[in-house]
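Tertiary structure, described
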Amino acid sequence: MAATVKRLPVILLLAALALLSGCIFSPEKKAPPKTIPPLEYLKPISPSNALENLVAAYKNRDSVQTAVVYAIGYTGTSTDPSLPSQIPAFSRTDEIRHVGRLKLDPNIVSVFLDLGAPNTWQELPGYASDPPEWRIIPINNQTVRIEDISRATTWQSQNQVIEYTFKPTAVPGAPAAEDTTWTVVRWTEIAN
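The shown structure was predicted, so the numbers you read here are calculated from the model rather than taken from an experiment.

1. Quick word on the nonpolar core
In a soluble, globular protein the nonpolar side chains are often hidden away together inside. By size, the foremost hydrophobic cluster in this structure holds 25 residues, and its most contacted members are Leu51 and Tyr164. Taken together, the elements giving at least two residues each to this core come down to helix H2 (47-59), strand E1 (70-79), helix H4 (92-104), strand E3 (108-114), strand E5 (135-139), strand E6 (143-148), strand E8 (161-170) and strand E9 (180-190). Examining the composition of this core, we find that five residues originate from one element, H2, more than from any other. Setting aside residues no more than four positions away along its own chain, Tyr164 makes contact with Leu51, Leu54, Leu115, Arg135, Ile136, Ile137, Ile139, Val184, Arg186 and Trp187.

Right, dumping it as structure tokens:
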């Protein structure tokens, strides 16, 4: 009987551990699925915020936000003096489709866009031919890189001179600090 009494604490300890760890016959408990929080974009209340949203949307391959960044009448042009013919202009739809393809193509494994630090961007008035409220942000040092494993290639563009032109749109009934949103209405690139 003394041996039974000495074994009792050991038996109770093992029973307690078994209860704490769950029944050995219970199915495995699965962790709840991890949810990825939605991306947060800045309110487009300035040309700089709109340009930061453009960079974030491109890096994240977010065609929905890309549609928000570009104005309905957007036109993008790229000029390369070394080419024999002019590159066709880009429309808002072209930009949205491009970003959508980056997202849907499983062979595109990496997308990178760097327009420099936002605190280095200089906001300038539009050209004399532009409406007076338009603004321009020139970018003199940028990098775009896309890696495509199906072609074993990395497409890269670097140090092109780029200008993003923004137009404001009044938001009826918005608070004073948010009464205007900015979108990209024109993009020009000159290869060097």
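2. What about the sheet that holds E8?
Consider a sheet: its strands pair through backbone hydrogen bonds, and that pairing is either parallel or antiparallel. Ordered by their spatial adjacency, six strands build an open sheet running E2-E1-E9-E8-E5-E4, and the pairing between neighbours is mixed. Looking at which strands have only one partner, the edges of the open sheet turn out to be strand E2 (90-91) and strand E4 (124-125). Of the pairings in the sheet, the one linking E4 to E5 comprises two bridges and is antiparallel in character. Paired with Pro125 across the two strands is Arg135, which belongs to E5.

3. Notes on the environment of Glu147
Looking at the element boundaries, Glu147 is found in strand E6. Separated by 40 residues in sequence, Glu147 and Asn107 have C-alpha atoms that sit 8.1 Å apart.

4. Overview of the pattern of salt bridges
Within the structure shown, the criterion is met by three salt bridges. For Asp105, the salt bridge is made with Arg101, and the minimal N-O distance between the two is 3.1 Å. On the basis of relative accessibility, which here comes to 43%, the residue Arg101 falls in the partly exposed class. A salt bridge links Glu123 to Arg135; the nearest nitrogen and oxygen atoms lie 3.8 Å apart. Of the two residues, Glu123 sits in the loop between E3 and E4 while Arg135 sits in strand E5, which places them 12 residues apart along the sequence.

About the criteria used
- Residues numbered from 1 in each chain as written.
- Predicted model: local features only at pLDDT ≥ 70, side-chain atom pairs only at ≥ 80, totals over all residues.
- Heavy atoms only, no water.
- Core = buried A, V, L, I, M, F, W, Y, C linked by side-chain atoms within 4.5 Å.
- Buried < 20%, exposed > 50% of the residue type's maximum accessible area, 1.4 Å probe, protein only.
- Helix = DSSP H or I, 4+ residues; strand = E, 2+ residues; numbered from the N terminus.
- Contact = heavy atoms within 4.5 Å.
- Pairing = 2+ DSSP bridges.
- Salt bridge = Lys/Arg side-chain N within 4 Å of Asp/Glu carboxyl O.

Function cannot be read off these values alone, since they describe shape.
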